[in-house]
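Examining the three-dimensional arrangement
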Amino acid sequence: MDAEATRFGQYSPAVRTLLHLSDTHLLAGNPLLGDRYDTMTNLARTLERVEEMRLSPDAIVFTGDLADRGEPEAYRTLREMVEPVAERMSAPLVWVAGNHDERSVLRTELLGAEPSQAPIVSVHDVAGLRLIALDTTVPGWHHGDFDDEQLRWLSDVLSTPAPLGTVLAMHHPPLPSHLPVFDILELREQTRLAEVIEGTDVRAILAGHLHYSTSGTFAGIPVSVASATCYTMNLARPASAVNGMDAGQSFHLVQVYDETITHSVVPVVDASTADFFSADWVREMSARTPQQRLEAFSRKR
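Residues numbered from 1 in each chain as written. Predicted model: local features only at pLDDT ≥ 70, side-chain atom pairs only at ≥ 80, totals over all residues. Heavy atoms only, no water.

Here the focus is the overall build of the chain. Along the backbone of the chain there are 8 helices and 13 strands. Here the C-alpha atoms of the chain give a radius of gyration of 20 Å, agreeing with the 19 Å that 2.2 N^0.38 yields for 301 residues. Seen along its three principal axes, the alpha-carbon backbone of the chain occupies a region of about 60 × 45 × 40 Å. Residues classed as buried in the chain amount to 49% of the 301 residues present. Across the chain, the fraction of contacts at a sequence separation of at least 24, relative to all contacts at a separation of at least 6, is 68%. Roughly 14800 Å² of accessible area belongs to the chain as shown, and the carbon and sulfur atoms make up 50% of that amount. One finds the centroid of the 24 positive side-chain charges in the chain at a distance of 8 Å from the centroid of its 41 negative side-chain charges. (Helix = DSSP H or I, 4+ residues; strand = E, 2+ residues; numbered from the N terminus. Rg over C-alpha atoms; globule rule 2.2 N^0.38 Å. Buried < 20%, exposed > 50% of the residue type's maximum accessible area, 1.4 Å probe, protein only. Contact = heavy atoms within 4.5 Å. Areas by Shrake-Rupley, 256 points an atom, 1.4 Å probe, with all protein chains shown as cover. Lys, Arg positive; Asp, Glu negative; His and termini not counted. Charge placed at Lys NZ, Arg CZ, Asp CG, Glu CD.)

Moving on to a nonpolar patch on the surface. On the surface, a nonpolar cluster with roughly 370 Å² of combined accessible area is contributed by F276, F277 and F297. If you trace the backbone, F297 turns up in helix 8 (residues 290–298). On the basis of relative accessibility, which here comes to 46%, the residue F297 falls in the partly exposed class. (Patch = residues over 30% accessible without salt bridge, like charges linked within 9 Å, V, L, I, M, F, W, Y side chains within 5 Å. Salt bridge = Lys/Arg side-chain N within 4 Å of Asp/Glu carboxyl O.)

Structurally, the position occupied by E71 is in the loop between strand 2 (59–63) and helix 2 (72–88). No salt bridge forms around the buried E71; measuring N to O, its nearest opposite-charge neighbour R69 is 4.2 Å away. Residues within four places of E71 in sequence aside, it is in contact with L26, L27, A28 and V105.

Attention shifts here to the sheet that holds strand 5 (residues 129–133). Two strands in a sheet stick together by hydrogen bonds in their backbones, pointing the same way (parallel) or opposite ways (antiparallel). Strands sit in the order 4-5-6-7-9-8 across an open sheet of 6 strands; the sheet is mixed. Each having just a single partner strand, strand 4 (122–126) and strand 8 (214–218) make up the two edges of the open sheet. Strand-to-strand twist across the sheet, computed as the mean angle between neighbouring axes with direction ignored, equals 20°. Alignment of strand 5 against strand 6 (residues 166–169), held across 4 bridges, turns out to be parallel. In the sheet register, L131 faces strand 6, and the bridge partner there is V167. Where helix 6 (residues 190–197) meets the sheet, its contacts fall on strand 6, strand 7 (202–207), strand 8 and strand 9 (221–225), and the angle it forms with strand 8 comes to roughly 65°. (Pairing = 2+ DSSP bridges. Axes fitted to C-alpha atoms, helices over the stretch in contact; angles between N-to-C directions.)

Ranked by internal contacts, the top residues of the largest apolar core, which has 34 residues, are L154, L168, M170, L193, I197 and I205. Secondary-structure elements contributing two or more residues to this core are helix 4 (148–158), helix 6, strand 7 and strand 9. Sequence-distant contacts of M170, that is, excluding residues within four places in its chain, are made with T63, V96, L134, T136, F146, L187, L193, I205, L206, A207 and G208. Ranked by size, the runner-up nonpolar core spans 28 residues in total, among them L66, A86, L106 and V266. (Core = buried A, V, L, I, M, F, W, Y, C linked by side-chain atoms within 4.5 Å.)

One way to put it is that helix 1 (residues 39–52) packs onto helix 2 with a least axis distance of 11 Å and a crossing angle of 5°. Taken together, helix 1 and helix 2 sit at an angle that is classed as roughly parallel. On helix 2, the residues that touch M40, L43, A44, L47, V50 and E51 of helix 1 are T77, L78, M81, V82, V85 and R88. (Parallel < 35°, antiparallel > 145°, perpendicular 65-115°, else oblique.)

What follows concerns the sheet that holds strand 13 (residues 261–267). Reading across from one edge, 3-2-1-12-13 is the order of the 5 strands in this open sheet, with mixed pairing throughout. The open sheet is flanked by strand 3 (93–96) and strand 13, the only strands paired with a single partner. Adjacent strand axes in the sheet meet at a mean angle of 20° when their direction is disregarded. Of the strand pairs in this sheet, strand 1 (residues 16–21) and strand 2 are connected by 4 bridges, and their pairing is parallel. Bridging across to strand 2, L21 finds its partner in F62. Helix 1 contacts strand 1 and strand 12 (250–256) of the sheet and is inclined by roughly 165° relative to strand 1.

See the structure below:
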């Protein structure tokens, strides 16, 4: 019996699984980012946690700010670190551009494409789930926006529904932030995006940029923001004094069900855990009837 696939509740297993990572901010030669953060080591620790989950995800999505300065060597390092992990997990990679990325260099070094300043967009068929990578970047700037051509393209793609619906992946989230710094660097003119996706089969939006995990809704669609692998924002401080810290890194486990999509925060921490629950425990519970499981585990003693 596969203990990992066992279900004791009312929901069927997820039909698709994605891993959502964001904001690696790698630098050529790996100097400390801001003289504080070892972005390469932090990404390596994150990838170790990814593999320790022993999953077979249907795709691994990185929502932007892949290289802090858009350097070719930084993108090559990213590929060298991530591609072997994706290959061992048999998972396709989806790269999304962020405001720290450079479109032409990202294209040549990560996508193997010709250099261009056009928005980096793509459509991926994840066994019936449509995953669309959008480009919210504005060359030369750190805030986000869409040009008219990209929105027309998105409208055309969404005109035909996908069997399992659509997930959008972008860098700048279409959500408010209570931090002044991100108010300035927000995704501008969001109503134009709302007009395109309202009434379509879009089921979720994945984003990054904020360096902290948050969620909300936009045009009635759930939005999930993954924290960064490089450093995170210390939200325990007053909003005007929030700054980065080398702690709290995480990524998201995205599970697509027939009825809903869940976004679970997976911490990247070195901490001991209890060992009460195990594959043996699951097998033991599997041998019991539903009522016996309730008696053994649900009834208060």
